[in-house]
Amino acid sequence: MGGVPITLLFADGVSRRIEAQLGESVVSAAENAGLTLLTDCSNGQCGTCAASLVAGSLELGNYDKAVLPDSDRLNGAVLTCISRVTGPCVVEFPYDSSEALTEEAPPIDGCIATLEQVAAETMLLEIDVSDPVDFEPGQYVRLQPPGAEEWRSYSMASCSNARRLAFYVRLVDGGRFSTWLKESAQVGDGLEITEPHGSFFLRREPRPRLFIAGGTGLAPFLSMLESIAGDPELGQIPTTLLVGVRTGRHLFALQQLESLRQRIPSLTVQYAAEQDPVDNCHSGYATELITSMEVPGDTRVYLCGPPAMVEAGRTAAEAAGLPRRDMLCERFN
Ligand SMILES: Cc1cc2nc3c(=O)[nH]c(=O)nc-3n(C[C@H](O)[C@H](O)[C@H](O)COP(=O)(O)OP(=O)(O)OC[C@H]3O[C@@H](n4cnc5c(N)ncnc54)[C@H](O)[C@@H]3O)c2cc1C
Ligand code: FES
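It is worth spelling out the overall build of the protein at this point. For the protein, the count of helices and strands is eight helices and 19 strands. Structurally, the protein occupies a C-alpha span of about 65 × 50 × 40 Å along its principal axes. Scored against the burial criterion, the 333 residues of the protein give a buried share of 40%. Taking contacts inside the protein between residues at least 6 apart in sequence as the whole, the part at least 24 apart equals 69%.

The end-to-end C-alpha distance of helix α8 (residues 307-319) is 18 Å, a good match for the 18 Å that 13 residues give at a rise of 1.5 Å each. Taken as a whole, α8 has its buried residues at Pro307, Met309, Val310, Glu311, Ala312, Gly313, Arg314, Ala316 and Ala317.

Turning next to the site of ligand 1. In the region of ligand 1, 24 residues are neighbours, and Gly174, Gly175, Phe177, Ser178 and Phe332 sit closest. Of all the elements in the fold, those that place two or more residues in the shell around ligand 1 are β11 (152-155), β12 (162-170) and α4 (176-184).

Along strand β7 (residues 89-92), the buried face is formed by Cys89 and Val91; none of Val90 and Glu92, which line the opposite face, is buried. With four bridges connecting them, strand β1 (residues 3-9) and β7 associate as parallel partners. Bridge assignment links Leu9 to a residue of β7, and that residue is Glu92. Relative to β7, strand β3 (residues 50-55) is paired through three bridges, and the arrangement is antiparallel. Bridge assignment links Ala55 to a residue of β7, and that residue is Val90.

The strand order β2-β1-β7-β3-β5 describes an open sheet built from five strands, whose pairing is mixed. The open sheet has two free edges, formed respectively by β2 (15-21) and β5 (77-79), since each of these has just one partner strand. Between one strand axis and the next, the sheet turns through 35° on average, direction left out of account.

Taken together, the six strands give an open sheet; going across it, the order is β17-β16-β15-β14-β18-β19, and neighbouring strands pair in parallel fashion. Every interior strand has two partners, whereas the edge strands, β17 (281-283) and β19 (327-331), have only one. Averaged over all adjacent pairs, the angle separating strand axes in this sheet is 15°, with direction ignored. One ladder, built from three bridges, connects strand β16 (residues 267-275) with β17; its direction is parallel. Its bridge partner lying in β17, Ala272 is registered against His282. This element, α8, spans β14 (209-214), β15 (239-247), β18 (300-305) and β19 of the sheet and lies at about 160° to β18.

Core analysis: the biggest nonpolar cluster contains 63 residues, and Phe167, Ala213 and Phe221 have the highest contact counts within it. If you tally residues by element for this core, the top one is helix α5 (residues 219-229), at six residues. Residues lining this core come from more than one domain, with at least three contributed by each of domain 2 (108-193) and domain 3 (209-331). Excluding anything up to four places from it in sequence, Ala213 contacts Leu218, Phe221, Leu241, Leu242, Val243, Gly244, Cys304 and Gly305.

Time to look at the environment of Arg331. Looking at the secondary structure, you find Arg331 in strand β19. Placed 262 residues apart in sequence, Arg331 and Pro69 show a C-alpha to C-alpha distance of 13 Å. Excluding anything up to four places from it in sequence, Arg331 contacts Cys46, Gly47, Val67, Pro307 and Val310.

Here the focus is the domain arrangement of the protein. Examined at the domain level, the protein breaks down into domain 1 (3-101), domain 2 (108-193) and domain 3 (209-331). The interface of domain 2 with domain 3 comprises 17 residues on the first partner and 15 residues on the second. Listed by contribution, the elements that provide at least two residues to the side of domain 2 that touches domain 3 are β8 (108-119) and β12. Among the elements that take part in the side of domain 2 that touches domain 3, β12 stands out by supplying four residues, more than any other. Its residues placed into classes, the side of domain 2 that touches domain 3 shows 10 nonpolar, five polar and two charged.

Parameters and conventions
- Residues numbered from 1 in each chain as written.
- Chains lettered and ligands numbered in written order.
- Predicted model: local features only at pLDDT ≥ 70, side-chain atom pairs only at ≥ 80, totals over all residues.
- Helix = DSSP H or I, 4+ residues; strand = E, 2+ residues; numbered from the N terminus.
- Buried ≥ 20, exposed ≤ 12 C-beta atoms within 10 Å, placed from the backbone.
- Contact = placed C-beta atoms within 7 Å.
- Expected span 1.5 Å × (residues − 1).
- Near = placed C-beta within 6 Å.
- Pairing = 2+ DSSP bridges.
- Axes fitted to C-alpha atoms, helices over the stretch in contact; angles between N-to-C directions.
- Core = buried A, V, L, I, M, F, W, Y, C linked by C-beta atoms within 7 Å.
- Domains from an automatic or database assignment.
- Nonpolar A, V, L, I, M, F, W, Y, C, P; charged D, E, K, R; others polar.

Have a look at this one:
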């Protein structure tokens with residue numbers, strides 16, 4: 001079968017025209033052309049590879065509708081890992097070309113410094129590295145335990161440019177990384193770490209922010225808030241954080257959040273638990289809190305957590321008058 005041209009547009013205005021074989025995925029066509037597009041699950045379950053089809057058509061394989069709702073698909077959103085090329089097309093990515101055009105740097109070595117269960121199903125994992133890692137607050141790295149073949153993505157919960165990286169990991173039943181972390185990992189063990197990735201990071205802009213976190217989806221917001229706390233200009237902008245968890249026992253990083261609240265005068269934090277809420281905690285979903293809030297029309301919304309929570313948050317924020325184009329999402333279970 002012959003090749004067809006596809007054009008990849010990036011957020012920094014850079015475009016690349018590549019040749020694709022009919023029937024291959026956009027991600028693999030890009031890979032054959034020497035580009036590494038952002039992916040994670042590679043089978044339509046996480047949304048990391050989301051992009052917009054600007055012209056032409058693509059045939060989508062199986063995917064999780066919570067990750068790509070029909071309304072988004074109708075507006076041109078595609079998951080490039082499961083989108084097969086059917087003819088010439090133009091695809092726009094929400095991140096800069098530097099994410100895709102450079103070769104991935106070799107992984108660096110890290111060493112586990114802290115391993116502590118901090119809430120129900122939630123581990124704090126801190127990893128020391130020999131040179132400080134620079135990243136945008138909100139980004140993630142991939143981690144690989146010794147001897148493992150798979151990599152797993154985790155968002156930094158700590159500040160950029162430090163020699164210790166903090167992560168909050170939900171212990172998923174039967175999950176490989178989760179089982180290793182719970183049953184085998186020890187302080188002092190080595191781990192490999194990729195360079196930071198992702199377009200879900202704090203934007204420096206003078207507009208209110210609404211952060212909505214589900215479970216360990218709080219991790220990237222902790223990194224963003226630490227960065228805001230260290231920058232008086234960023235700290236003046238009104239910021240609301242809604243934290244949603246399954247039960248009150250799943251709440252974590254409460255002391256850190258209280259310290260952040262004291263250091264960031266413009267920060268408001270509200271909690272919600274679906275079951276067994278603790279004091280001052282809404283009983284139900286965090287996204288329900290949006291309906292009772294005053295949300296300025298120029299608010300930038302950031303959502304991170306399980307796909308269903310992200311979708312509920314987007315719908316509630318839209319009902320509050322905010323356009324979907326002003327919402328940034330990171331989905332993981
Ligand atoms: C950009 C990004 C950032 C992320 N950041 C975070 C974060 O900060 N914190 C966090 O907690 N998570 C985060 N995640 C999710 C994380 O990457 C992992 O997906 C998660 O920790 C599960 O990994 P695991 O290896 O434990 O589970 P996996 O082994 O991937 O298993 C996941 C599920 O599949 C099931 N399963 C596995 N193997 C089989 C099988 N053979 N048959 C049937 N079922 C099976 C498991 O039981 C489990 O329910 C992020 C994901 C992305 C994409
Ligand atoms: S990488 Fe495409 S949906 Fe996960």
